[in-house]
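# Residue-level structure breakdown
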Amino acid sequence: MIRLTTPLTIDKVKALKAGDQVLLSGTIYTGRDAAHKRLVELVKQGKKLPFDPKDQIIYYVGPTPAKPGQVFGSGGPTTSGRMDAYAPTMLSLGLRGMIGKGYRNEAVKEAMHTYTGVYFGAIGGAGAYISQCVKQAKVIAFDDLGAEAIRELDVKDFPLTVVIDCEGNDLYEIGKKEYLGEKV
Amino acid sequence: MREIKTEVITKAIRDLCIEANCQLPDDISQVFDKMLLEETFPIAKDTLKILSENARLAKENHSPICQDTGMACVFMTIGQDVHIIGGSLEEAIHEGVRQGYDEGYLRKSVVSEPMFDRVNTKDNTPALIYYDIVEGDRLDITVAPKGFGSENMCQIKMLKPSDGVEGVKEFVLKVIRDAGPNACPPMVIGVGIGGSFDKVALLSKKAMLRSVGSHHTDARYQALEKELLEMVNATGIGPAGYGGKTTALSLNIETYPTHIAGMPVAVSICCHVARHKGVSL
């Protein structure tokens, strides 16, 4: 088990390999389709983003509303493929990590290689469990998007798995083959 | 004629929305525990353990198991001797969803219009409603909120009769491989065969909601349910798609007569949460 703390520098990313299990602590940002669409529009207009993506991690999540006394509602990962259209732009700005679930396309893998990024998988469906790893949460942009607003989260020991590393190794291929006893 | 008040229906739907989102169905919970014991691949076992702990936490804290608390699909099976009083039945259903999603702290995931505006309706309405009229004076309600991680991976295909059982097997496996990690395995799978383009999708959804361990009445389809589940669990996709045996917890088939020229097949996929809860009024 690897313990990682944000900010996620290039050196830290280069040391990660597909299949590594990680406990992540520190500050991360949330964003789904609607927020990404706005972020990329801001970039196109040459405007400032609500946070500097350099060496940061975006978690693809839209949580349930927090109950009274709760910091963060249930919040497991959403399907990352919907962010594929925006991820290369974010990576080009220095974004170092993405957390989600599901396949990524070749353009994202290439951008991860070019700009040194990593794709982590969180366990889909483990919303209540992941909620407990979130120690602080605040909306920092696009409040009108509700669950899809950008939040700054302070997480502790968030369990993740490296799915695609910066060399392009993909656990969704490797894991299956290893289980089936095929040559990796 | 038995009278049922709309306010009773609203309350029932409110409660079902919350329960279905915070508690795994008993049959799913049982098969999950069984497959956790059987799983031998280390990362798969670790993943299943976290999901098991997640379900325990959700139940204890009355929190949603998953953040995607779905679009509320409501099946109303209405006895023909039931008389619904106290206003519009449809509005009573939407009101139940509204109350459940608000008071249960569930996520509102519905947009008013699918393509141009996509503005969140902020109360998770409208629900998707299906009505069946049957004999008797009971009213059965099933609420099955559907998350879209898995819904986006469902598929339909109009096979030719000559494609036969092999064609069905091939298609089901293709759908599951396409879905892979996106559908949050371990999955719960429903296969519909027959009917028409629209009917077969509903059949597959009903198959998905049928209890784990229940079987098709025809022994040939029973055997196919078993064989397909084994094939799916031999793909190696595994929990979260990280590799392993536990790709699916169950696979049910529902069938219906069809036209001489066709053999529609649909595959509905849900994640392990398999949100559904029912009540008989």
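From a predicted model like this one, the values you see are computed outputs, not experimental measurements.

### Regarding the overall build of chain B
For chain B, the count of helices and strands is eight helices and 10 strands. A compact globule built from 281 residues should have a C-alpha radius of gyration of about 19 Å, and chain B, at 19 Å, falls within 12% of that. Along the first, second and third principal axes, the C-alpha atoms of chain B reach 55 × 50 × 40 Å. Within chain B, buried positions represent 48% of all 281 residues. Of the contacts formed within chain B by residues at least 6 apart in sequence, a portion of 81% connects residues at least 24 apart.

### Points about the overall build of chain A
On a plain count of helices and strands, chain A comes out with six helices and seven strands. From first element to last, N terminus to C terminus, chain A shows the α and β order β-α-β-α-β-α-β-α-β-α-β-β-α. Whereas a compact globule of 184 residues would reach a radius of gyration of roughly 16 Å, chain A reaches 16 Å, a difference of no more than 12%. Along the longest, intermediate and shortest principal axes, the C-alpha atoms of chain A span 50 × 40 × 25 Å. Taking contacts inside chain A between residues at least 6 apart in sequence as the whole, the part at least 24 apart equals 62%.

### What about the domain arrangement of chain B?
Residue and element names in this part refer to chain B. When its domains are assigned, chain B resolves into domain 1 (2-19 + 65-145) and domain 2 (148-274). Centre-to-centre, using C-alpha coordinates, domain 1 lies 26 Å away from domain 2. With five residues of domain 1 at the contact, the number on the domain 2 side is four residues. The residue inventory of the side of domain 1 that touches domain 2, partitioned by class, reads three nonpolar, one polar and one charged.

### Section: the nonpolar core
Residues and elements named next belong to chain B. If you look at the biggest cluster of nonpolar residues, it comprises 129 residues, and the most contacted ones within it are Ile13, Cys17 and Ile189. The residues that make up this core include at least three from each of domain 1 (2-19 + 65-145) and domain 2 (148-274). Filtering out sequence-adjacent residues up to four positions away, Ile13 remains in contact with Val74, Ile93, Gly96, Val97, Gly100, Ile141 and Val143.

### A short note on helix α2 (residues 26-38) of chain B
Residues and elements named next belong to chain B. Spanning 13 residues, α2 covers 19 Å between terminal C-alpha atoms, matching the ideal 18 Å at 1.5 Å per step. Taken as a whole, α2 has its buried residues at Ile28, Val31, Phe32 and Met35. Along the long axis of α2, the arc covered by the buried residues comes to 110°, so they all point the same way. Seen from the buried face of α2, the exposed residues on the opposite side, beyond 90 degrees, are Asp26, Lys34 and Leu37.

### Examining the sheet that holds strand β9 (residues 263-270) of chain B
Residues and elements named next belong to chain B. Strand order in the open sheet formed by four strands is β6-β9-β7-β8, and the pairing between neighbours is mixed. With partners counted over all chains shown, the strands left at the sheet margins are β6 (155-159) and β8 (248-258), one partner each. Put simply, the sheet's adjacent strands are angled 15° from each other on average, direction ignored. As paired elements, β6 and β9 share five bridges and run antiparallel to each other. Paired with Gln155 across the strands is Val267, a residue of β9. Lying over the sheet, helix α8 (residues 219-232) contacts β7 (187-195) and β8, oriented at roughly 140° with respect to β8.

### Considering the pairing of strand β4 (residues 97-100) of chain A
Consecutive residues of a regular strand have side chains that alternate between opposite faces of the sheet. Residue and element names in this part refer to chain A. By the alternation rule, side chains of β4 split into Gly97 and Ile99 and Met98 and Gly100, which are all buried. One crossover worth recording links strand β3 (residues 57-59) to the parallel β4 by way of helix α3 (residues 87-92), and it is right-handed. The sheet contact formed by β4 and strand β5 (residues 118-121) spans four bridges and is parallel. In the sheet register, Met98 faces β5, and the bridge partner there is Tyr119.

### Section: the interface of chain A and chain B
Between chain A and chain B, the residue contacts involve 36 residues of the former and 38 residues of the latter. Put simply, the parts of the chain that give the side of chain A that touches chain B at least two residues each are α5 (127-131), β7 (150-164) and α6 (171-180) of chain A. Of all the elements, α6 of chain A adds the most residues to the side of chain A that touches chain B, at seven residues. Residues that form the side of chain A that touches chain B fall into these classes: 14 nonpolar, 18 polar and four charged.

The rules behind the values
Within each chain, residues carry numbers counting from 1 in the order of the written sequence. Working convention: letters from A go to chains and numbers from 1 go to ligands, in the order in which they are written. Per-residue local features are limited, in this predicted model, to residues with pLDDT of at least 70; the limit for side-chain atom pairs, both in listing and counting, is 80 or more; totals at the level of whole chains, interfaces and linings are taken over all residues. Think of it this way: any DSSP run of H or I at least four residues long counts as a helix, any run of E at least two long counts as a strand, and we number them from the N terminus. We compute the radius of gyration over the C-alpha atoms and compare it with the globule rule, which gives 2.2 Å times the number of residues raised to the power 0.38. Three exposure classes are used, based on other C-beta atoms lying within 10 Å of a residue's own C-beta, which is placed from the backbone: buried for 20 or more, exposed for 12 or fewer, and partly exposed in between. Throughout, a pair of residues is in contact if the C-beta atoms placed from their backbones lie within 7 Å. Throughout, the edges of the domains are those of an automatic or database domain assignment. Residue type decides the class: Asp, Glu, Lys and Arg count as charged, Ala, Val, Leu, Ile, Met, Phe, Trp, Tyr, Cys and Pro as nonpolar, and the leftover types, Gly among them, as polar. For our purposes the nonpolar core covers buried Ala, Val, Leu, Ile, Met, Phe, Trp, Tyr and Cys residues that link as a set through C-beta atoms within 7 Å. Given the number of residues in a helix, its expected span is that number minus one, multiplied by 1.5 Å. Each direction from the helix axis to a C-beta atom contributes to the arc, which is the arc of those directions. Any two strands with at least two DSSP-identified bridges between them are counted as paired. To obtain an axis, a line is fitted to C-alpha atoms, over the contacting stretch when the element is a helix, and the angle between two such axes runs from 0 to 180 degrees between their N-to-C directions. Whether a crossover is right-handed depends on one test, that the path from the first strand over the helix to the second runs clockwise when the strands point away from the viewer.

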